[in-house]
Amino acid sequence: MFLKSLLPTSRAEFNRWTRAVLAVSGLALLAGCKFTDIWRMDGHQSTLDVAGPVALAQRHVFYVTCWVTFTIFILVGSTLAYATLKFRARSSDDQHAPPPPQSHGNPLVELSLIALSVGALVIIAVPTLKGIWYTYDVPVQQKGEALEVNATGYQWWWRFEYPTEEATVSGTVKMPLVTANELVIPAGRPIRINLRTNDVIHSFWVPKLAGKVDMIPNRANFLWLEASQPGYFWGQCAEFCGDSHAVMRFRVIALPAKEFSEWLEQQSKPARDVEPGPTHGAVAKAQFASLRLPDDFRPNETGVTGRFEIDPLNAWRSQQMPNKGEDPALIAKGRQLFQTKTCIACHTVRGVLGAQGITGPDLTHVGARTTIAGGLLENTPEELRRWIHNPGAVKPGNKMAVGFLQNNIHLQPDEEVALVSFLESLK
Amino acid sequence: MSSQAATLTIDHHHDPSTSTGIPNKKLLMWAFLASDCMFFGALISTHLVYRLHPPAGGLDPKQIFSPELTSFSTFILLMSSLMMALAVTAIQKGNVKSCRWSLLTTIFFGMIFLGCQVFEFTEFVEVKHMTISNSLLGTTFFTLTGTHGCHVAIGVLWLSLMYVRSFKPAAGNPWQKSWLSHQLLHAGTLIVALLATLKVVLSLVFALRDAATFAAGFGHFIASDFLFIVIALLAYGGLVWFARPRGAVQFDEMNAIDVESMGLYWHFVDIVWIVIFTAVYLLEYI
Amino acid sequence: MDALAKPAFLTKEEKPAAKPRLLAHPTAKTGLMSWLTTVDHKRIGFLYGFFALFFFLVGGFEALLIRTQLMVPNNTVLTAQQYNTMFTMHGTTMIFLAIMPLSAAFFNFIMPLQIGARDVAFPRLNAFSLWTFVAGAIILNIGWFLPAATHGAPNDGWFGYAPLTSKMFTPQHSTDYWVMGLQLLGVASIAASLNFIVTIINLRAPGMTMMRLPVFTWMTLVTAFLIVLSFPAITIALVELMMDRNFNTNFFEVSNGGMPILWQHLFWVFGHPEVYILILPAMGIISEILPTFARKPLFGYPIVVFSGACIGFLGFGVWSHHMFTTGMGTVATAAFAMATMAIAVPTGVKIFNWIGTIWGGHLQMRTPMMFALGFVWMFMIGGFSGVMHAAAPADAQQQDSYFVIAHFHYVLIGGSLFALLGGIHYWFPLMFGRKVSEFWGKLSFWIIFAGFNITFFPMHFLGLNGMPRRTFTYDPNMGWNTANFVSTIGAYILGLGIFIYFATMVYTYLSGERVGRDVWDARTLEWSLPNPPPEYNYRVIPTVHARDAWWYEKNNPEELAQERAEHAKAEAAHGGIHMPFASIWPFVTSVGILIGAIGVSALGPDNATTATRLTVVLSGAVVMFLGIYFWALEGNEGYHLHLDENGEPAEEEIAADHH
């Protein structure tokens, strides 16, 4: 019995221990989870369940390496297993038998194995080289149709700029279109993204569309990607960038060409003004009364619901519509607070006087985004209020918390409600 | 830790107690110098990388460097290597006296090099306004040449201690009783002499540079540095006193390997300077 | 180590009349002073092992905290800052304070025995390396005990990418501790490696040609060269970082044109050879264990040696594969990808040779053999995921994801650590004269093996499923929950296995079964010694006639006995066994360095006056200088041992100063 030689001398004792260990670990496994979930490769950031040609090319190279190494593993592994089984000492007599012939090696075997390994590596090397050139830049024949975007990493959020698109600040004053944390792109068109950073090194990674490329200070990096079909994709910073690196997330939304140009047109407008009208104070109040208070959230509590699990793209579309039951008076109050509470020092909202800050994300159309706080929380009044109530508790070390402290900003509950109403109205 | 006793005839290129015949200390020094090569390699690479990618509006090295002074100090350092080689040859022949003089000359040349560097750095900061923090050129230049300067300074210290070591009394010499305190005082005096001289000479140079006439500059120098001049003179007196003949010393052919290892270090530091001189200074004028 | 402390050694210790009191040689053979002043490579090796295992447990505890935090999504066991500190210190501790010094423990203890030497070439330098390593470890960990707001333990990741480490983004002293700690560890490693290089090249016993060196000694030599040539790169990078933080220089200061990418190049020029510094000693150990328990020589010795050297050499040309995502351009990426694949060939060759060694052998399934076989399997898996990373386009997805975590833990735990744990089992009888119980040894092996795979295999899937590394939290909707949970359970099992392993070791050290010489019927020279080996190692320096010197001697006993008797006579005529004196000065020098390093790192410009800082730094420098100076003045004289027939020292005399 081969196992016998592997096991400790006292079998009874060993068995007792093994049973205990197996029982404990087995119970823990069963209690915790469905085991097969481990190799379900269909997560939001799966590198295998891909949605664009760049990620597809990268997956292809990965599969080649897998097949080659699996084959070698089977060959070498079975040889090793066979040798271990065949040449083991089978009994204690065997263990004290005279030593086997003292052979020192066989150059022919060695050289042929070296040649075989080189051959296996060539099989990997060829697709690797092809992949390196393909994934590096937009293919020449597609250069003309590529859309250029500038992405800039900040601790801990993302700024996206469309240098070729103009946005109205007010009247005839224009600037390039800027948005934050949600990159909207046309599907089926290559996107060339210039990667820059405002502070430390970040890394731009949307696994389903393309592998990552770092954003490094004083270095002009770029990557290209393309979404084959319209969709909603999860992305995340992949280079450690300080306290809240783990929650520096973002989304990429790929739209059909027509819808994309509609979106551009909508985005290029300044911030939406809600028509003055009858106040629905009571309605709004009731709406907010039903929400959880910010202090009810536990630290690091999940900020997402199942809303984007089934059909995220349509969930995104519904976010573009103005909210029902808006209260113009409350929104006007929020707009005023946005100015007086010095939010404007850091945030740009085109169309709001003085709101030209560039330290924080552009909020001109923040209400139409599906997430806030750098892709960390879903954009709902409840979560937004949680965020502005105590930013430091949501996202450790972030600049808004520092800003609150430095500018001595304290928000009363009704002020929070007004600000949330205003921001959510920015569709 | 070989058990073989030292053989009586000494072959300086072969140590029978080691497997290869190379003395352990020499091998250690060679391995260390290989490592030190990588240190300087990393620093020189840093300098060259930023030379290739200069920031906009950076300083122009040609406006700052003074190749005449640096060429002079390079020549002095090369000469010091010659003296170092002479010191090694002398001690291999058992000529302690000649070895001491060569060591002192090497120290002297090393100090001239260091003095030139202090002068150069001062000029760059005060006259050319290049500091370690106001420009990338300043950052890489001062760090690289400063690291080399530290190597030279350590070399000078080592040479000085070796010079003092050459006075260790041999067994049976009556001075042996107090040899440790003598060594410490002697070393201290030598270091004070070197530092005070450096200070005095540099003060004189700066005073003459800044003054309108020679007399004014010299007068100012005497007035401000009187104390240091006195200290330097006292220290020299002390050195002469310590160096008086005091019977047999325990410093002979057996110590050749110590001097030789030190020599390897010193030559290496020289060679590195040739590389730095080429890569940092001369490259700008090609 | 009891035998080393035999009072017999104390007899007839005489001081030369002319020795100044300050330079009197320490004579303690027991107690604290004996450990602080020891220059015996075996005691120094033991101390390296002791500190390494202590920090291994510390790093392991940090790992368990990390896994506990990630057990479920949005967990709050640790805050973001605590988590970042934890993974930084886990990485730094495991690499610099656990695996490297544990390898150094074997270098120190085993290597001189394997080449038939009585000590390393520079025994006091060896002690200096040890104490400077301890000083570095203290600096690195000092932040745990200081307020986190202004100090704290390092928290910028073990490769501390600029500009996150700059004063602007990390104003706390945590990064200063990291810089100075690594700096001291670098000094210690380089000094130790210089010593090993000279020892292996120069102190081989007669007949021990380079191509007869045991493979472990060969790998020690290659590793020592890697350390000597690669550590300068990180030393300079750290100097530049220190200058940036303390003197406002611009090496990585973006606003003045500094390029943070330079840090990455300098770091990985060191960092990749460092990977081989961690794995080559392990490969050496495996190449000792497998032949012993297969009872036949290593298959293709010259090729194993050559491939080891080849890995070391190529290791300097592949650093940028850690930077495939930094936008290097196509040509550079392709070149580094090809070079990295090339390195897989010598690595694969080693695996083939290990299998060849087993083939046709008579395998004895003892605990060290279990660890060695476990190593080969796990290292194969780690090697294969390594090849996947070499394919740059695939790496663009895997870089900085949990796939990488899985890969390097397969190489470092399944590789390095398995080999080191197996090595402890293997050489334990030689070091302490006691044998570890097979039952507890195998039990701990299986639990460690299972726990390790349960922890790290799911991480491959986590990585492929897009989970980035160094994240203190994740959302429940990402499909990462199960794998993380399983992984954490695995980590606890692994922890249990490690606990059993160490409990067994401590028990065996205190009251394990005593065994005689050469318990495994091994092949290399160290097994010819009684256990534990006496302070002078070899009574007579052996003469080596074959690659597996001890095996040859066992098979040709008459020839060897005769030869040995002749050598003993010759040696006695030369004055007996030359032993180095113990010395306190290496320790004093390291203390000076520690004080200076505290002055540099703990007292930043913002919380102490320049005068205070300078005072502390200068007093450290003075202590260090005096330590070195007295060390030099003390001279390298030693004493001679004359042994009686039983190998007991009969007589000691002061040897002449050998200058």
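Quick caveat: nothing in here was measured; it's all calculated off a predicted structure.

Thresholds, definitions, all that
- Residues numbered from 1 in each chain as written.
- Chains lettered and ligands numbered in written order.
- Predicted model: local features only at pLDDT ≥ 70, side-chain atom pairs only at ≥ 80, totals over all residues.
- Helix = DSSP H or I, 4+ residues; strand = E, 2+ residues; numbered from the N terminus.
- Buried ≥ 20, exposed ≤ 12 C-beta atoms within 10 Å, placed from the backbone.
- Contact = placed C-beta atoms within 7 Å.
- pLDDT = per-residue confidence, 0-100.
- Nonpolar A, V, L, I, M, F, W, Y, C, P; charged D, E, K, R; others polar.
- Expected span 1.5 Å × (residues − 1).
- Bend = angle between axes of the 7 residues up to and from the residue.
- Pairing = 2+ DSSP bridges.
- Axes fitted to C-alpha atoms, helices over the stretch in contact; angles between N-to-C directions.
- Parallel < 35°, antiparallel > 145°, perpendicular 65-115°, else oblique.
- Left-handed = near helix turned anticlockwise from the far one by under 90°.

Draft legend 1. How the structure looks around the overall build of chain B. The helix and strand tally for chain B stands at 8 helices and 0 strands. Each helix and strand of chain B, ordered N terminal to C terminal, gives the series α-α-α-α-α-α-α-α. On the principal axes, the C-alpha backbone points of chain B span a range of 65 × 50 × 25 Å. By residue count, 39% of the 286 residues in chain B fall in the buried class. Excluding contacts between residues fewer than 6 apart, the proportion of contacts in chain B whose partners are at least 24 apart in sequence is 79%.

Draft legend 2. View of the overall build of chain A. Helix and strand counts for chain A stand at 13 helices and 12 strands. Buried positions account for 43% of the 427 residues belonging to chain A. Of all intrachain contacts in chain A linking residues separated by at least 6 positions in sequence, the fraction that spans at least 24 positions is 68%.

Draft legend 3. Examining the confidence of the model for chain B more closely. When pLDDT is averaged across chain B, the result is 91; 95% of the residues are at 70 or more. Predicted confidence for residues 1–9 of chain B stays below pLDDT 50, and this span has 19 contacts to residues more than four positions away or in other chains.

Draft legend 4. View of the interface of chain C and chain A. Counting residues at the interface gives 91 residues for chain C and 101 residues for chain A. Elements with a minimum of two residues in the side of chain C that touches chain A: helix H3 (80–114), helix H7 (260–294), helix H8 (301–314), helix H9 (330–358), helix H10 (367–390), helix H11 (392–398), helix H13 (438–464) and helix H14 (481–511) of chain C. In terms of residue class, the side of chain C that touches chain A is built from 56 nonpolar, 28 polar and 7 charged.

Draft legend 5. Region of interest: helix H7 (residues 214–242) of chain B. Residue and element names in this part refer to chain B. A rise of 1.5 Å per residue sets the reference length of H7, with its 29 residues, at 42 Å; its end C-alpha atoms lie only 36 Å apart and thus fall more than 12% short of the reference. The largest bend along H7 measures about 75° and falls at Asp 225. All of the buried residues along H7 are Asp 225, Ala 232 and Ala 235. Tucked into the core, H7 has its buried residues touching helix H6 (179–210).

Draft legend 6. Region of the structure containing the interface of chain C and chain B. Facing the 46 residues of chain C at the interface are 38 residues of chain B. Within the residue set of the side of chain C that touches chain B, elements represented by two or more residues are helix H5 (174–202), helix H6 (215–247), H7 and strand S3 (577–580) of chain C. Across the side of chain C that touches chain B, the residue classes tally to 28 nonpolar, 13 polar and 5 charged.

Draft legend 7. Broad picture of the sheet that holds strand S4 (residues 182–186) of chain A. Residue and element names in this part refer to chain A. Reading across from one edge, S4-S10-S9-S6-S7 is the order of the 5 strands in this open sheet, with mixed pairing throughout. The sheet terminates laterally at S4 and strand S7 (210–215), the two strands that pair on one side only. Recorded for the sheet is a direction-independent mean angle of 20° between the axes of neighbouring strands. The sheet contact formed by strand S6 (residues 202–206) and strand S9 (residues 231–237) spans 2 bridges and is antiparallel. Counted as the bridge partner of Trp 205 is Gln 236 from S9. Most of the contacts of helix H6 (residues 257–268) go to S4, to which it runs at about 135°, and overall it touches S4 and strand S10 (249–255).

Draft legend 8. Examining the arrangement of the chains more closely. Ranking the 2 pairs of chains in contact by number of contacts places chains A and C first. With respect to C-alpha atoms, chain A approaches chain B no nearer than 10 Å, and the pair has no contact.

Draft legend 9. Structural context of the packing of H8 of chain C against H9 of chain C. Residue and element names in this part refer to chain C. Axis separation between H8 and H9 bottoms out at 9 Å; the angle between their running directions is 155°. The orientation of H8 relative to H9 falls into the category roughly antiparallel. Judged by the sense of rotation from one axis to the other, the crossing of H8 with H9 is left-handed. On the side of H8, the interface is formed by Ile 303, Val 304, Ser 307, Cys 310, Ile 311 and Leu 314, while H9 contributes Ala 339, Ala 342, Ile 343, Pro 346, Thr 347, Val 349, Lys 350 and Asn 353. Taken together, the residues of the contact of H8 with H9 sort by class into 10 nonpolar, 3 polar and 1 charged.

Draft legend 10. Expanded view of the sheet that holds strand S3 (residues 173–180) of chain A. All names here are of chain A. One open sheet holds the 5 strands; their spatial order is S3-S2-S1-S5-S8, and the pairing between them is mixed. Two strands in the sheet have a free side with no partner beyond their single neighbour: S3 and strand S8 (221–225). Sheet twist, expressed as the mean angle between neighbouring strand axes with direction ignored, is 35°. As defined by bridge partners, strand S1 (residues 147–154) adjoins strand S5 (residues 191–197) across 7 bridges and the pair is classed as parallel. Following the sheet pairing, Leu 147 is matched in S5 by Ile 191. Running over the sheet, H6 touches strand S2 (157–170) and S3 and is turned about 75° from S2.

Draft legend 11. Local environment of unusual backbone geometry. With omega at 0°, the peptide bond leading from Ala 162 of chain C into Pro 163 of chain C counts as cis. With respect to the helices and strands, the residue Pro 163 of chain C is situated in the loop between helix H4 (123–141) and H5. The step from Asn 531 of chain C to Pro 532 of chain C runs through a cis peptide bond, and the omega angle for that step is -15°. Relative to the assigned elements, Pro 532 of chain C resides in the loop between strand S2 (513–514) and helix H15 (549–555). In this structure, Ala 373 of chain A is a non-glycine residue whose phi angle is positive, near 55°. Classification of Ala 373 of chain A by C-beta neighbours within 10 Å gives buried; the count is 27.

Draft legend 12. A look at the packing of helix H4 (residues 96–126) of chain B against helix H5 (residues 136–165) of chain B. All names here are of chain B. Where H4 meets H5, the axes come as close as 9 Å, and the angle between the chain directions of the two elements is 155°. If you check the angle between H4 and H5, you find them roughly antiparallel. Crossing of H4 against H5: the hand is left-handed. Taken together, the residues of H5 that come into contact with H4 (itself represented by Arg 100, Leu 103, Leu 104, Thr 106, Ile 107, Gly 110, Met 111, Phe 113, Leu 114 and Gln 117) are Thr 145, Gly 149, Val 152, Ala 153, Gly 155, Val 156, Leu 159, Ser 160, Met 162 and Tyr 163. The residue inventory of the contact of H4 with H5, partitioned by class, reads 12 nonpolar, 7 polar and 1 charged.

Draft legend 13. Layout of the pairing of S5 of chain A. Residues and elements named next belong to chain A. Counting buried positions along S5 gives 5 out of 7 residues, so the element sits mostly inside the fold. With 5 bridges joining them, S5 and S8 adopt antiparallel strand pairing. For Arg 192, the partnering residue across the bridge sits in S8 and is Trp 224.

Draft legend 14. The environment of Arg 59 of chain A, seen in detail. Mapping Arg 59 of chain A onto the fold places it in helix H3 (residues 53–86). Between the C-alpha atoms of Arg 59 of chain A and Asn 407 of chain A, which are 348 residues apart in sequence, the distance is 49 Å.

Draft legend 15. A look at the environment of Trp 319 of chain C. Residue and element names in this part refer to chain C. Structurally, the position occupied by Trp 319 is in the loop between H8 and H9. In this structure Trp 319 comes out as buried when scored by C-beta crowding, with 25 C-beta atoms within 10 Å. Once the C-alpha coordinates of Trp 319 and Gly 271 are considered, the two residues, 48 residues apart in sequence, prove to be 7.3 Å apart. What Trp 319 contacts, discounting residues up to four positions off in sequence, is Trp 268, Val 269, Gly 271 and His 272.

Draft legend 16. Spotlight on the environment of Asn 484 of chain C. Tracing the backbone shows Asn 484 of chain C in helix H14. In this structure Asn 484 of chain C comes out as buried when scored by C-beta crowding, with 26 C-beta atoms within 10 Å.

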